[in-house]
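The lines below spell out each chain.
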Amino acid sequence: MMLTVKNLAVAYDGIDALRGIDLTVAAGELVALIGPNGAGKSTLLNALSGVVRPRSGSISFAGRSLSRTAPHRISRLGLLQVPEGRQILADLTVDENLLLGQLALGARKQRHDLASVRALFPILAERRRQLAGSLSGGQQQMLAIGRALMGAPDMLLLDEPSLGLAPMICTQVFDALRRLNADGLTILLVEQNATRALASTTRAYVLEQGRIVHTGASADLAADGRIIAHYLGTETPDLQKERDLT
Amino acid sequence: MLAQQIMNGLVAGAVYALFALGFTLVFGVHRILNLAHGALLMAGAFIGLYAVLAGIPLWFAIILAMVGAGTLSVLIDVLAFRRLRASGQAEFGAIISSIGANLVLVSIAQRISETKVLRFPFATFPVVFYRFWGLRVSLLQLAIAGSVAFLLGLLSWLIFHTSLGRQVRAVAGNPRAAVLLGVNPDAIYLRTFFLSGAMAGLAGVLVGLSFNSVHFMMGEPYLLRAFVVVILGGLGSIAGAVVAGMGLGVLQTLATAYLPSGLTDTIIFSLLFLVLMVRPNGLFGVANTGVGRR
């Protein structure tokens, strides 16, 4: 297993944010983590990245326990997070953001360079000397993903990559993720847009109020009308419309 | 005569810029107003002076002063600021604890020097003058201008063209995102504090040599001037600190030369208010600035 989480619990000021989380991701998988706002999706990613310290439970990545590893070391081990809201470095240029991404390489071998990231997201080549803060939301998302790729991740954690993006841009970002996964990158994708997330992944976990309440093949979860309706609201018509457009 | 004063002012201003840069670097990266920065200038001057008195050649004494003041600066970070940073209460708490660090350093220096004004031995730095286009320039002034220009160049290369510089700017702009990219913020904090202290230490030796006077309170006026420089230039702006530092040096020299004595500070601070009325973020500043700005 690339990632194994056992019985993980996280609390903020004594209030449980996550309880009894068991989750595994195998090498090469593209797994979705979906659930309503406030379910604890970002908390789980931040616990994996070491930014939030779990109260109990264990996290192991590529056979190595992460419980006492500093966040910057976790990134350098090849478990990289693209955080919610992109968090690009606005005062650095596009190229500087990408070069900074190489820091996470540590002693590992490079898999992407400026040229291959620019091939994946051509807009980043056009805007190379611009300050990252001047990019649009979609371009910033591409920069954030490209920047993570520069660090040769073995596994990528993505927090709401579709947030605030126009549907067309969203499709572009998800296409890029599917292509990266086809090239062997393991991905855990956190999404509020459940329909879209289930459509692009093979397996999914449903998180609600800090617990995993469903898990299974994405197609099965998507087919189960109750899950979409009850936990995630109905978004199917929108996606249908979008498919018709593209 | 005027040209001579302006040139003297530029040299004095170069030292202000050097000193203020460390102050603005720490502010830009840490959001900490390090009120012990003046004490670091004083500590640099003390280390340099005592090294020279011990028979160490000046060039090596200067290196010792820079390394010594840089190390003290790191120590202040570890002892006075690190715990506060972890608690997330840094902004106000750090001001108080930097006042404490300042008091400790100043009183140690007062003890060591027995409250006396110390002087470098005669001709520690060769007393040589040159004439260019009717201007009288000392070798010391040339050395000051040269070393400050070299360090400013080095610092801006470091900040804007190296991986360390990208990491410093990343931590200044968005520490959380920086960590997720594999930047170790503690290592960056140590380095910025060391750089900042080393520049203050060099400024201390240069000030001590220029006025041939080293005493335990010598950092205080420089700290006040650094505030002016940094606010005029825009908090966190490197170019701003350089331009404002030079400008302040010239202004101060002219005011001393042509106006009744005792008015210098009145003029400097009136100018500060005037600039703030027109440009509240300073000459080069923008709201929410960091060291990321050129």
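In this report, we go over the structure that sits alongside the text. Quick caveat: nothing in here was measured; it's all calculated off a predicted structure.

## Some words on a nonpolar patch on the surface
Moving on, step 1. On the surface, Met 1, Leu 2, Ile 6, Leu 10, Tyr 258, Leu 259 and Leu 263 of chain B cluster together into a nonpolar patch covering about 650 Å² of accessible area.
Moving on, step 2. By the element assignment, Leu 2 of chain B lies in helix α1 (residues 2–30).

## Focus on the interface of chain B and chain A
Put simply, an interface is often sized by how much accessible area is lost when its parts join up.
Moving on, step 1. Contacts between chain B and chain A engage 17 residues on the former and 22 residues on the latter.
Moving on, step 2. When the two sides are added together, the surface that chain B and chain A hide from each other amounts to roughly 1,900 Å², 58% of it contributed by carbon and sulfur.
Moving on, step 3. By the criterion of area lost to chain A, the three top residues of chain B are Arg 166, Leu 180 and Leu 181 of chain B, representing 38% of everything that side buries.
Moving on, step 4. On inspection of chain B and its partner chain A, the count reaches one salt bridge.

## What about unusual backbone geometry?
Moving on, step 1. Despite not being glycine, Ala 62 of chain A has its phi angle at roughly 50°, a positive value.
Moving on, step 2. Relative to the elements of secondary structure, Ala 62 of chain A occurs in the loop between β4 (56–61) and β5 (64–65).
Moving on, step 3. Within the chain, Asn 212 of chain B stands out as a residue other than glycine whose phi angle is a positive 40°.
Moving on, step 4. If you trace the backbone, Asn 212 of chain B turns up in the loop between α8 (185–211) and α9 (219–233).
Moving on, step 5. The partly exposed category is assigned to Asn 212 of chain B, whose relative accessible area is 27%.

## Focus: the sheet that holds strand β8 (residues 186–191) of chain A
Residue and element names in this part refer to chain A.
Moving on, step 1. With respect to topology, six strands assemble into an open sheet ordered β6-β7-β8-β3-β9-β10, the strand pairing being mixed. One side of each edge strand has no neighbouring strand; the edge strands of this open sheet are β6 (79–82) and β10 (211–217). Strand-to-strand twist across the sheet, computed as the mean angle between neighbouring axes with direction ignored, equals 15°.
Moving on, step 2. Judged from the five bridges that link them, strand β3 (residues 30–34) and β8 form a sheet pairing that is parallel. Across the sheet, Val 31 pairs through a bridge with Leu 188, a residue of β8.
Moving on, step 3. Together, β3, β6, β7 (155–159), β8 and β9 (203–208) form the strand contacts of helix α1 (residues 41–49), whose direction differs from that of β7 by roughly 150°.
Moving on, step 4. Along the sheet face, helix α6 (residues 137–150) touches β6 and β7 and points at about 170° away from the line of β6.

## A few points about the sheet that holds β5 of chain A
Residues and elements named next belong to chain A.
Moving on, step 1. Ordered in space as β2-β1-β4-β5, the four strands form an open sheet in which the pairing is antiparallel. Two strands close off the open sheet at either side, each with one partner strand: β2 (15–25) and β5.
Moving on, step 2. Inspection of the sheet shows β4 paired to β5 by two bridges, in the antiparallel sense. Directly across from Ser 60, in β5, lies its bridge partner Ser 65.
Moving on, step 3. Across the sheet, α1 lies against β1 (3–12), β2 and β4, angled at about 115° from β1, the strand it touches most.

## Observations regarding the pattern of salt bridges
Residues and elements named next belong to chain A.
Moving on, step 1. On inspection of all chains with the given rule, the structure shows nine salt bridges over all chains.
Moving on, step 2. In this structure, Asp 95 engages Arg 118 in a salt bridge whose closest nitrogen and oxygen atoms are separated by 2.9 Å. With Asp 95 in helix α3 (residues 94–101) and Arg 118 in helix α4 (residues 114–120), this residue pair connects regions lying 23 residues apart in the sequence.
Moving on, step 3. You can call Arg 118 buried: its relative accessible area is 16%.

## Some words on the packing of aromatic side chains
Residue and element names in this part refer to chain B.
Moving on, step 1. In total, this model carries eight aromatic pairs over all chains according to the counting rule given.
Moving on, step 2. Where Tyr 130 meets Phe 132, the ring centres are 6.4 Å apart and the plane angle is 35°; that geometry is what we call tilted.
Moving on, step 3. Note on Tyr 130: relative accessible area 35%, which makes it partly exposed.
Moving on, step 4. The partly exposed category is assigned to Phe 132, whose relative accessible area is 36%.
Moving on, step 5. Ring geometry for Phe 132 and Trp 133: centres 6.1 Å apart, planes at 40°, overall tilted.
Moving on, step 6. A network of ring pairs unites the aromatic residues Tyr 16, Phe 19 and Tyr 222 as a single cluster.
Moving on, step 7. A cation over an aromatic ring shows up here: Arg 136 above the ring of Phe 129, its NZ or CZ 3.8 Å from the ring centre.

## Some thoughts on the side chain of Gln 139 of chain A
Residues and elements named next belong to chain A.
Moving on, step 1. Residue position: Gln 139 is located in helix α6.
Moving on, step 2. For Gln 139, a relative accessible area of 14% corresponds to the buried category.
Moving on, step 3. Look past the residues within four positions of Gln 139 in its chain and what remains in contact with it is Ile 123, Leu 124 and Arg 127.

## Quick notes on the environment of Arg 225 of chain B
Moving on, step 1. Within the secondary structure, Arg 225 of chain B sits in helix α9.
Moving on, step 2. Discounting chain neighbours no more than four positions away, the residues touching Arg 225 of chain B are Tyr 16, Leu 248, Gln 252, Asp 265 and Ile 268 of chain B.

## Quick word on α1 of chain B
Residues and elements named next belong to chain B.
Moving on, step 1. Compared with the 42 Å implied by 1.5 Å per residue over 29 residues, the 41 Å span of α1 between its first and last C-alpha is a close match.
Moving on, step 2. Judged by how many residues are buried, α1 sits mostly within the fold: 23 of 29 residues are covered.
Moving on, step 3. Looking at the residues trailing α1, positive phi occurs at Arg 31, about 60°.

## Some thoughts on helix α5 (residues 139–161) of chain B
Moving on, step 1. The end-to-end C-alpha separation of α5 of chain B is 32 Å, in line with the 33 Å expected for 23 residues at 1.5 Å each.
Moving on, step 2. When we look at burial in α5 of chain B, the residues that qualify are Leu 140, Gln 141, Ile 144, Val 148, Leu 151, Leu 152, Leu 155, Leu 158, Ile 159 and Phe 160 of chain B.

## Considering the nonpolar core
Moving on, step 1. In this structure, Leu 18, Met 42, Ile 76 and Val 214 of chain B are the most contacted members of the largest nonpolar core, which totals 88 residues.
Moving on, step 2. For this core, the element with the most residues is α1 of chain B, which contributes 12 residues.
Moving on, step 3. When near neighbours in sequence (up to four residues on either side) are disregarded, Met 42 of chain B contacts Leu 105, Val 106, Ala 109, His 215, Phe 216, Met 218 and Gly 219 of chain B.
Moving on, step 4. In terms of nonpolar packing, the next biggest core, distinct from the first, is built from 43 residues, Leu 124, Leu 165, Val 206 and Ile 228 of chain A among them.

## Some remarks on the pairing of β9 of chain A
The side chains of a regular strand alternate, residue by residue, between the two faces of the sheet.
Residue and element names in this part refer to chain A.
Moving on, step 1. Pairing of β3 with β9, which is carried by four bridges, proceeds in the parallel orientation. Each bridged residue has a counterpart across the sheet, and for Val 31 the counterpart in β9 is Arg 203.
Moving on, step 2. Direction of pairing for β9 relative to β10: antiparallel, over a ladder of six bridges. By the bridge assignment for β10, Val 206 is matched with His 214.

Each value, and the rule that gives it
- Residues numbered from 1 in each chain as written.
- Chains lettered and ligands numbered in written order.
- Predicted model: local features only at pLDDT ≥ 70, side-chain atom pairs only at ≥ 80, totals over all residues.
- Heavy atoms only, no water.
- Patch = residues over 30% accessible without salt bridge, like charges linked within 9 Å, V, L, I, M, F, W, Y side chains within 5 Å.
- Areas by Shrake-Rupley, 256 points an atom, 1.4 Å probe, with all protein chains shown as cover.
- Salt bridge = Lys/Arg side-chain N within 4 Å of Asp/Glu carboxyl O.
- Helix = DSSP H or I, 4+ residues; strand = E, 2+ residues; numbered from the N terminus.
- Contact = heavy atoms within 4.5 Å.
- Buried area = accessible area lost by both parts, 1.4 Å probe.
- Buried < 20%, exposed > 50% of the residue type's maximum accessible area, 1.4 Å probe, protein only.
- Pairing = 2+ DSSP bridges.
- Axes fitted to C-alpha atoms, helices over the stretch in contact; angles between N-to-C directions.
- Phe/Tyr/Trp six-rings, centres within 6.5 Å; stacked < 30°, edge-to-face > 60°.
- Lys NZ or Arg CZ within 6 Å of the ring centre and 35° of its normal.
- Expected span 1.5 Å × (residues − 1).
- Core = buried A, V, L, I, M, F, W, Y, C linked by side-chain atoms within 4.5 Å.

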